[in-house]
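Structure assessment
Here's the letter readout for the chains.
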Amino acid sequence: MASYVLITGAAGGFGKALAAECAGRGWDLLITDYSSEKLSLVAQGLERQFGVKVYFFACDLTDPDSRDKLWDFIKQNQMRFKMLLNVAGAEFEGPFAERTLLQLRTMVRLNVEANVENTRNILLFRDPIRPLRIVFVSSLAGFNPMPVKAVYASTKRFLINLTYALREEFLPEEVTFTVVAPSGMPTTQQAIRGICVQGFLGRLTTKNVGDVAAKTIDHALAGKALYVPGFANQLARFFSGLFPETYMAHIIGKRWKATYKKRQADNSALIPSRYKINRYIG
């Protein structure tokens with residue numbers, strides 16, 4: 001029986017990098033995102049380059065009916081899985097009162113609701129003869145309260161707590177849970193502009209998306225609970241944990257308010273040539 005890896009958000013920068021990493025290891029895939037056209041390009045590229053089987057299914061993970069259709073497709077094709085990579089997520093940066101209800105709902109539905117539902121469902125379709133590896137994509141922002149990113153950071157903290165709790169709960173059952181908490185990755189022009197606005201700290205904490213993808217899979221296979229890419233990010237996480245959260249919220253808030261204003265002012269600025277968007281398949 002074929003055993004698959006399910007990847008959500010597979011048409012995005014990090015999702016494509018993880019898909020390429022898994023395909024490079026000879027694993028067959030089921031990839032999903034909201035765009036059937038983009039998924040088709042990714043699937044064709046992976047099959048051509050790595051010789052693996054790649055199914056794709058377009059799904060709006062913020063919509064329960066669309067999620068049901070994804071799992072109906074899985075059931076009809078009698079698919080079994082050895083890994084789930086919960087990559088799909090949403091971020092709408094800016095003051096809470098200026099975010100629309102649709103933006104807030106999207107972050108909660110995609111970062112929390114879809115992750116929970118997909119994780120619960122994958123247990124019904126696990127490969128019975130292999131360990132099941134489940135990965136959540138959080139963020140370095142998930143370790144502290146983040147003014148100007150309040151809902152985003154809170155939903156990413158949820159994924160960290162969920163990982164630790166489920167990991168302990170499933171220890172006897174050969175189901176492992178890993179959460180990756182990256183900082184900046186140059187996957188889109190918007191992400192690169194955000195890195196540029198942060199100056200030296202932005203460059204220091206930014207990691208290559210391909211390297212992060214490879215090490216994420218390595219951590220999952222080793223059954224490790226947490227992967228924070230980059231020594232600078234690991235230091236930031238360590239030192240931030242030494243102070244009260246109210247103090248960290250104050251310090252982070254001052255920085256992010258200034259950064260947000262600068263980003264708004266520099267939104268039309270050109271991207272420096274030293275930054276290249278990481279492109280993989282498609």
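Residues numbered from 1 in each chain as written. Predicted model: local features only at pLDDT ≥ 70, side-chain atom pairs only at ≥ 80, totals over all residues. Heavy atoms only, no water.

1. Topic: the overall build of the protein
Secondary structure assignment for the protein yields ten helices and seven strands. Taking all 282 residues of the protein together, 52% fall into the buried category. Considering only contacts within the protein whose residues lie at least 6 apart along the sequence, 72% involve residues at least 24 apart. Element-wise, carbon and sulfur atoms account for 53% of the exposed surface of the protein, whose accessible area totals about 13,900 Å². (Helix = DSSP H or I, 4+ residues; strand = E, 2+ residues; numbered from the N terminus. Buried < 20%, exposed > 50% of the residue type's maximum accessible area, 1.4 Å probe, protein only. Contact = heavy atoms within 4.5 Å. Areas by Shrake-Rupley, 256 points an atom, 1.4 Å probe, with all protein chains shown as cover.)

2. Overview of the confidence of the model for the protein
Low pLDDT means the predicted atomic positions in that stretch should not be read closely. Of all residues in the protein, 83% have pLDDT values of 70 or greater, and the mean over the chain is 86. Between residues 268–282, whose pLDDT stays under 50, and residues either more than four places distant or in other chains, the model counts 34 contacts. (pLDDT = per-residue confidence, 0-100.)

3. A short note on unusual backbone geometry
In this model, Val-148 sits at a positive phi of 75°, which is unusual for a non-glycine residue. Within the secondary structure, Val-148 sits in the loop between β5 (132–137) and α5 (150–169). In this structure, Glu-174 is a non-glycine residue whose phi angle is positive, near 55°. Here Glu-174 lies in the loop between α5 and β6 (175–180).

4. Side note on the nonpolar core
One finds Leu-6, Ile-74, Phe-81, Ile-122 and Ile-134 to be the most contacted residues of the largest nonpolar core, which totals 44 residues. Elements with a contribution of two residues or more to this core: β1 (4–8), α3 (64–76), β4 (81–86), α4 (101–122), β5, α5, β6 and α10 (245–265). Per-element accounting of this core gives the leading share, seven residues, to α5. Apart from the residues lying within four places of it in its own chain, the contact partners of Ile-74 are Leu-6, Leu-30, Met-79, Phe-81 and Phe-125. (Core = buried A, V, L, I, M, F, W, Y, C linked by side-chain atoms within 4.5 Å.)

5. Concerning the packing of helix α1 (residues 13–24) against helix α2 (residues 36–50)
Between α1 and α2, the least distance of the axes is 10 Å, while the angle of their chain directions is 30°. Viewed along their axes, α1 and α2 adopt a mutual orientation that is roughly parallel. Helix-helix and strand crossings are classified by hand; for α1 and α2 the assignment is right-handed. Touching Lys-16, Ala-19, Ala-20, Ala-23 and Gly-24 of α1 are Val-42, Leu-46 and Phe-50, all from α2. Grouping the constituent residues of the contact of α1 with α2 by class yields six nonpolar, one polar and one charged. (Axes fitted to C-alpha atoms, helices over the stretch in contact; angles between N-to-C directions. Parallel < 35°, antiparallel > 145°, perpendicular 65-115°, else oblique. Left-handed = near helix turned anticlockwise from the far one by under 90°. Nonpolar A, V, L, I, M, F, W, Y, C, P; charged D, E, K, R; others polar.)

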